[in-house]
Amino acid sequence: SALGPSRREGRPQPRPRPRPRSRLRGAARREARSGAEPGGAAEMLSSPWARFYSNSCCLCCHVRTGTIILGVWYLIINSVVLLILLSALTDPDQYHLTSAEFGGEFEFMDDANMCIATAISLLMILICAMATYGAYKQHAAWIIPFFCYQIFDFALNTLVAISILVYPSTIQDYLRQLPTNFPYKEEIMSVNPTCLVVIILLFISIILAFKGYLISCVWNCYRYINGRNNSDVLVYITTNDTAV
């Protein structure tokens, strides 16, 4: 008597309707993100470089936007340099500097040096275009060549600073090799050599600090894109497993 009329008559009870697949996917996506965030946070906290990680660049924009702006800026500079080199190749007499003008025993911009500089400019345009495209389309691997170039440029400037610190007399030798019509040559040579070394080292230190900050911005952009792509792959795999 306690059973309902449908059970006494032997009628099957209606099955509970399953949740829509969109809800399943939404739940799986939330579970995957909630599971991925603690792991990523733990990894960042355990890394010794975690204190330098930030998603902001210059305190005003995202690191992805900053990397795009930096790539476009380098792209413009190298394009201008390439145009100057190509115009110098087409009209060598206009940009040709002889050994008499430089006070040395060599020609500063001969055909071999011009071809090498043109090839380097083309390579730099390609690297900057790859970095800009990688940051825009969120392809982390495309940013690596530009990051390697930044590391190489930073190391080269550091070696220049070390050479000036170890051999301060090289500044005076370099100034003597400049042409006589070089602007402010006599005024610069009249400065105390010690003060001149301190000024140049201070200037190089500011440049190195700025370059180091740009390197950290590009690296943070690479980490951001790489971490976002990994989380998207995790969400896709978890969603497929739940749907099956």
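Everything discussed here concerns the structure shown above.
This is a predicted model, so every value here is computed, not measured.

A few points about the overall build of the chain
Then, in step 1: Within the chain, the secondary structure is distributed over 10 helices and 2 strands.
Then, in step 2: If you list the helices and strands of the chain from N to C, you get α-α-β-β-α-α-α-α-α-α-α-α.
Then, in step 3: The buried share of the chain, taken over its 244 residues, is 24%.
Then, in step 4: In the chain, 71% of the contacts between residues at least 6 apart in sequence involve partners at least 24 apart.

Regarding empty space enclosed by the protein
Leftover empty space is mapped by rolling, across the atoms, a probe with the size of a water molecule.
Then, in step 1: What the rule picks out here adds up to 1 cavity of 30 Å³ or more.
Then, in step 2: Computed from the structure, the largest cavity encloses a volume of approximately 50 Å³.
Then, in step 3: Tyr74, Tyr149, Gln150, Asp153, Phe154, Lys211, Leu214 and Ile215 together form the lining of the largest cavity.
Then, in step 4: Every element with two or more residues in the lining of the largest cavity is listed here: helix H7 (144–166) and helix H10 (193–243).
Then, in step 5: Along the lines of polarity and charge, the residues of the lining of the largest cavity split into 5 nonpolar, 1 polar and 2 charged.

Observations regarding helix H6 (residues 111–137)
Then, in step 1: Taking 1.5 Å of rise per residue, the 27 residues of H6 would be expected to cover 39 Å, and the 39 Å separating its terminal C-alpha atoms lies within 8% of that figure.
Then, in step 2: Among all positions in H6, only Met114, Thr118, Ser121, Met124, Ile125, Ile127, Cys128, Ala131, Thr132, Gly134 and Ala135 are buried.

Description of the layout of surface pockets
Then, in step 1: Size it by volume and the second largest pocket reaches roughly 250 Å³.
Then, in step 2: In this structure, the second largest pocket is lined by 15 residues; those nearest its centre are Trp73, Tyr74, Ile77, Asn78 and Lys211.
Then, in step 3: Every element with two or more residues in the lining of the second largest pocket is listed here: helix H3 (63–90), H6 and H10.
Then, in step 4: Residues belonging to the lining of the second largest pocket are distributed by class as follows: 12 nonpolar, 2 polar and 1 charged.

What counts, and where the lines are drawn
Residues numbered from 1 in each chain as written. Predicted model: local features only at pLDDT ≥ 70, side-chain atom pairs only at ≥ 80, totals over all residues. Heavy atoms only, no water. Helix = DSSP H or I, 4+ residues; strand = E, 2+ residues; numbered from the N terminus. Buried < 20%, exposed > 50% of the residue type's maximum accessible area, 1.4 Å probe, protein only. Contact = heavy atoms within 4.5 Å. 1 Å grid on protein atoms, 1.4 Å probe; cavity = no way out; pocket = protein on both sides within 12 Å on 5 of 7 lines; lining within 4 Å. Points joined across faces, edges and corners; volume = space filled by probe spheres on them. Nonpolar A, V, L, I, M, F, W, Y, C, P; charged D, E, K, R; others polar. Expected span 1.5 Å × (residues − 1).

Everything listed is a geometric property; what it means functionally is a separate question.
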